[in-house]
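Structural features, examined
If you want the building blocks of each chain, they are given just below.
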Amino acid sequence: MDKRREIKTIGVLTSGGDAPGMNAAVRAVTRAAIHHGLQVYGVMYGYHGLISGEIRPLTSSDVSGIMHQGGTILKTARSEEFRTTEGRAAAYQNLVKYGIDALVVIGGDGSFSGASAFSKEYDIPTVGIPGTIDNDISGTEYTLGYDTAMNTVIEAVDKIKDTASSHGRIFFIEVMGREAGLLALSTGIACGAEAIIIPESDEGYKDLEKFLAHYKEKKSSGIVMIAEGDKAGGALKLAERVNSEYPELDVRVSILGHMQRGGNPSGIDRVVATQMGVAAVDALLDDQKSIMIGLVNNKITHVPFNKTVKANRSIDQNLFDIQKVLNKWY
Ligand code: ATP
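Everything numeric in this text was worked out from a predicted model, so none of it was measured. (Residues numbered from 1 in each chain as written. Predicted model: local features only at pLDDT ≥ 70, side-chain atom pairs only at ≥ 80, totals over all residues. Heavy atoms only, no water.)

Regarding its fold elements, the chain presents 10 helices and 11 strands. Here the chain has a C-alpha radius of gyration of 22 Å; the compact-globule value for 330 residues is 20 Å, and the two agree. C-alpha atoms of the chain, sized along the principal axes, occupy 75 × 35 × 30 Å. Sorting the 330 residues of the chain into buried and exposed places 54% on the buried side. Taking contacts inside the chain between residues at least 6 apart in sequence as the whole, the part at least 24 apart equals 75%. For the chain, the distance from the average position of its 35 positive side-chain charges to the average position of its 40 negative side-chain charges is 2 Å. (Helix = DSSP H or I, 4+ residues; strand = E, 2+ residues; numbered from the N terminus. Rg over C-alpha atoms; globule rule 2.2 N^0.38 Å. Buried < 20%, exposed > 50% of the residue type's maximum accessible area, 1.4 Å probe, protein only. Contact = heavy atoms within 4.5 Å. Lys, Arg positive; Asp, Glu negative; His and termini not counted. Charge placed at Lys NZ, Arg CZ, Asp CG, Glu CD.)

Encoded structure:
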C-alpha cells in the first residue's frame, strides 16, 4: 500500500515562545505539503486556537513574503486547557470538523509533550520542528532562532562595548536562558567577554573575581555575559553584590530582554527552517508519527518525542578554556 496517500490534509501551528525562523518553517511546510497534493490549514495561537477552532486554509500565496519576517504569522500562545483531557477532546473535534489528518507542531519541548499526549490519545500523526532561541532540546544540535538570537546579542554588545571602553566601565549584560547558558556562552566568546556566567557552571564566578582584581589595577573596560538563570539571580543581583563589595568600581547593567527573540531570521535559520519544514511533511507521508525533526552533523534526523526533553547538555568545557587563553588579563 502506498503510505503516501493516507494523509490528505495537514494542520500546522506554532506554540510556546516565538523564535526567528518559525515563519520560514511555516512556509516550507505549506509549500511542501501542497507540492505533494495535500490541503493545508494554519492553526492560529498554537493549541489555544486548536481548541477554539481558529483554523484557516493556507495556500501557497498565503505564505509568500514571510520568510524574512521574525515572529510567527500563525501567532503563538500557551494553553493550560490543552493540558487537560477535555481540552484535547475539544481540539480533536476541530480536527474532525476540518478533516485534518496530521499535524506539524513548531515549538519547544513543552509543545512536543502536548503533541505526544494528543497524538497518543487520538492517533493523530504529529511531527515537531524545534524552535527556541535557547538551542536546548535534546536530539538536535540546532533549534530555529538560535543563530539569529546570537547575532542580535552580538550586535547589541558591540554597541555597548563602545561606551564601555570610552568610560572605562564594566558592563554586566544579561541574555536570555533561564536554564540554558549556551546563548550566553557563545555570545560571550563572540564578544570577547571577560567572564561568562551561566546556570550550568560555577567557573564564570571565579573568572569574574580574577577579572575584578585585574580591573582594579589597570582600569580598562570589560564585558561580563550573564545568562538570566544564573545561580546569583541574574545580572542586576550580581551587579548589586559586586557594587557593594567593590564600591570603587563602575559597574553598569544592561538586560537585553525580548529583543533577542525578534528580528529577521539569519541565513542559517532560513535554510534550516526550510530543510526541517520539508522534512516534516516527508516524515508524515512516510508514516512517521510522534517524532521531532532534528539536525545532527548537518543531517536531518527523526527523534521520538519522548527523547526531546530540555537538554541538560553539559556545556562545552573547551569554550571556557578558549576564553581563558584569549583573555589578556587571565
Ligand atoms: P519554550 O521553549 O519557548 O518554552 P515550549 O514549547 O517548551 O516553548 P511550553 O509553554 O512548555 O513551551 O509548552 C507550550 C504548550 O504546550 C503549553 O502551553 C501547553 O498547551 C502544551 N503542553 C506542554 N506540556 C504539555 C503536556 N505535558 N501535556 C499537554 N500539553 C502540554
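What follows picks up the thread again.
For Ser-290, which is not glycine, the phi torsion reads 55° and is therefore positive. With respect to the helices, strands and loops of the structure, Ser-290 is situated in the loop between helix H9 (267-285) and strand S10 (291-296). At Asn-297, a residue that is not glycine, the phi angle is positive and equals roughly 50°. Tracing the backbone through its elements, the reader meets Asn-297 in the loop between S10 and strand S11 (299-304). For Asn-297, a relative accessible area of 61% corresponds to the exposed category.

Attention now goes to the domain arrangement of the chain. The domain architecture assigned to the chain consists of domain 1 (3-145 + 265-308) and domain 2 (147-261). Counting residues at the interface gives 15 residues for domain 1 and 11 residues for domain 2. Summed over both sides, the interface between domain 1 and domain 2 buries roughly 990 Å², with carbon and sulfur atoms accounting for 52% of that surface. It is Asp-18, Ile-133 and Asp-134 that lose the most area in domain 1 upon contact with domain 2, and together they represent 47% of the buried surface on that side. Here Asp-18 ties to Arg-261 by a salt bridge, and the two come within 3.6 Å at their closest N and O atoms. (Domains from an automatic or database assignment. Buried area = accessible area lost by both parts, 1.4 Å probe. Salt bridge = Lys/Arg side-chain N within 4 Å of Asp/Glu carboxyl O.)

The next point concerns the site of the ligand. Neighbouring residues of the ligand: 16 residues in total, closest Gly-17, Arg-78, Ser-79, Gly-110 and Ser-111. The separation between an oxygen atom of the ligand and a polar main-chain atom of Gly-108 is 2.9 Å. Here Asp-109 contributes a side-chain N or O atom positioned 3.3 Å from an oxygen atom of the ligand. Considered on its own, the ligand offers 620 Å² of accessible surface; in the complex 83% of this is hidden by protein. Here the shell around the ligand takes 5 residues from helix H4 (residues 109-122), the largest share from any one element. Per-class residue counts for the shell around the ligand are 2 nonpolar, 9 polar and 5 charged. (Near = heavy atom within 4 Å. Polar contact = N/O pair within 3.5 Å; in protein donor to acceptor, adjacent residues only side chain to side chain. Areas by Shrake-Rupley, 256 points an atom, 1.4 Å probe, with all protein chains shown as cover. Nonpolar A, V, L, I, M, F, W, Y, C, P; charged D, E, K, R; others polar.)

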